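Single-letter residue listing:
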Amino acid sequence: MVAAGAALADEVGLANLTMGLLAERLGVRTPSLYKHVSNQEDLNRRIAALALSQAADAVGGAVQGYAGRDALAAAARAFRTFVLEHPGRYAATIGLEPTDPDDPLAAAGHRLLGGFTAVLRGYEIAESDVDHALRMLRSLFHGFATLQSANGFQWSADIDESFEWLIAFVDRGLRAT
């Protein structure tokens with residue numbers, strides 16, 4: 001059911017995902033959904049955990065065997081692709097905090113950060129700066145992908161070229177620290 005909710009969120013947007021719409025898509029009555037989730041918030045949290053886990057798989061798999069700029073580029077492209085292909089489920093991840101250390105959001109979020117942390121090992125980043133570097137990567141790649149997903153780049157420059165330019169810029173910055 002969560003996977004169906006995530007797919008529907010990708011299709012209609014997270015803001016438009018309702019229990020009634022999901023029940024209709026699944027061919028069941030809305031009360032039947034409450035056997036699986038408590039409410040809309042619970043569904044959204046489960047979609048967020050699924051999305052973070054899937055993004056972690058994409059980024060982690062992409063960086064395997066790479067280091068430095070190659071790992072950075074692989075992680076960035078995998079993350080961007082995930083956001084563009086799954087805008088609704090990715091939107092569910094924004095602003096949610098784990099309720100406790102055992103929350104599936106925490107585990108999935110740590111796995112995603114692990115992929116980007118692996119990228120940073122290819123650079124001479126001081127341990128005290130790793131959190132700052134992770135926030136920078138998240139901000140840049142999240143920002144680019146979500147703007148692109150929302151059709152926010154409407155001028156003539158090629159979007160893929162701009163993204164590659166961003167990767168090169170970040171690489172230069174990480175090497176300069």
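Look up a bit, the structure's there.
Everything numeric here is computed off the predicted structure, so don't read it as measured data.

J.: Talk me through the overall build of the protein chain; I want residue IDs and the actual numbers.
T.: Within the protein chain one finds nine helices and zero strands. Secondary structure elements of the protein chain, listed N to C terminal, follow the sequence α-α-α-α-α-α-α-α-α. Across its three principal axes, the protein chain shows a C-alpha extent of roughly 55 × 45 × 25 Å. A total of 177 residues make up the protein chain; the buried ones form 41% of that total. When the accessible surface of the protein chain is split by element, carbon and sulfur atoms take 53% of a total near 9700 Å². With 15 positive and 21 negative side-chain charges, the protein chain shows a spacing of 3 Å between the two charge centroids.

J.: Please set out the environment of Leu-43 residue by residue, giving values where relevant.
T.: Topologically, Leu-43 is positioned in helix α4 (residues 40-63). The exposure class assigned to Leu-43 is buried, which follows from its relative accessible area of 0%. For the pair Leu-43 and Leu-33, spaced ten residues apart in the sequence, the C-alpha separation amounts to 9.6 Å. The residues contacting Leu-43, other than those within four sequence positions of it, are Met-1, Val-2, Leu-17, Met-19, Leu-22 and Val-37.

J.: For the nonpolar core, give the residues involved together with the corresponding values.
T.: Of all hydrophobic cores here, the largest spans 52 residues; its most connected members are Leu-72, Phe-116, Phe-141 and Leu-174. Going through the elements one at a time, α1 (2-12), α2 (19-26), α4, α5 (68-85), α7 (104-120), α8 (130-149) and α9 (159-176) are the ones with two or more residues in this core. The dominant element in this core, judged by the number of residues it contributes, is α4, at ten residues. If near-sequence neighbours (up to four positions away) are discounted, Phe-116 is found in contact with Val-59, Ala-75, Phe-79, Leu-134, Leu-137 and Phe-141.

J.: So what's going on with the environment of Ala-150? Which residues, and what values?
T.: Structurally, Ala-150 can be placed in the loop between α8 and α9. Counting along the chain gives 63 residues from Ala-150 to Pro-87, while the straight-line C-alpha distance between them is 8.8 Å.

J.: Describe the pattern of salt bridges, naming the residues involved and giving the relevant values.
T.: Summed over all chains, the structure comprises eight salt bridges. Here Glu-11 makes a salt bridge to Arg-25, at a shortest N to O gap of 2.9 Å. Here Arg-25 lies in helix α2 and Glu-11 lies in helix α1, a separation of 14 residues in the sequence. With a relative accessible area of 53%, Glu-11 lands in the exposed category. The exposure class of Arg-25 is partly exposed, given its relative accessible area of 45%.

J.: Explain the packing of aromatic side chains residue by residue, including any values.
T.: The geometry of an aromatic ring pair is captured by the separation of the ring centres together with the interplanar angle, meaning the angle of the planes. Scanning all chains against the criterion turns up eight aromatic pairs. Relative to Phe-116, the ring of Phe-79 has its centre 5.9 Å away and its plane inclined at 75°; by these criteria the two rings are edge-to-face. Remark: Phe-116 occurs in helix α7 and Phe-79 occurs in helix α5; sequence separation between them is 37 residues. With relative accessibility at 3%, the residue Phe-79 sits in the buried group. Look at Phe-153 and Trp-155: their rings are 5.7 Å apart centre to centre, the planes differ by 80°, and that puts the pair in the edge-to-face class.

J.: Lay out the packing of α8 against α9 with the relevant residues and their values.
T.: Remark: α8 packs on α9, axes separated minimally by 12 Å, with the N-to-C direction vectors making an angle of 175°. When the axis of α8 is compared with that of α9, the two are roughly antiparallel. Packed against α8, whose contacting residues are Ala-133, Met-136, Leu-137, Leu-140, Phe-141, Phe-144 and Gln-148, the element α9 presents Ile-159, Ser-162, Phe-163, Leu-166, Ile-167, Val-170 and Leu-174 at the interface. Of the residues in the contact of α8 with α9, the class split is twelve nonpolar, two polar and no charged.

Each value, and the rule that gives it
- Residues numbered from 1 in each chain as written.
- Predicted model: local features only at pLDDT ≥ 70, side-chain atom pairs only at ≥ 80, totals over all residues.
- Heavy atoms only, no water.
- Helix = DSSP H or I, 4+ residues; strand = E, 2+ residues; numbered from the N terminus.
- Buried < 20%, exposed > 50% of the residue type's maximum accessible area, 1.4 Å probe, protein only.
- Areas by Shrake-Rupley, 256 points an atom, 1.4 Å probe, with all protein chains shown as cover.
- Lys, Arg positive; Asp, Glu negative; His and termini not counted.
- Charge placed at Lys NZ, Arg CZ, Asp CG, Glu CD.
- Contact = heavy atoms within 4.5 Å.
- Core = buried A, V, L, I, M, F, W, Y, C linked by side-chain atoms within 4.5 Å.
- Salt bridge = Lys/Arg side-chain N within 4 Å of Asp/Glu carboxyl O.
- Phe/Tyr/Trp six-rings, centres within 6.5 Å; stacked < 30°, edge-to-face > 60°.
- Axes fitted to C-alpha atoms, helices over the stretch in contact; angles between N-to-C directions.
- Parallel < 35°, antiparallel > 145°, perpendicular 65-115°, else oblique.
- Nonpolar A, V, L, I, M, F, W, Y, C, P; charged D, E, K, R; others polar.

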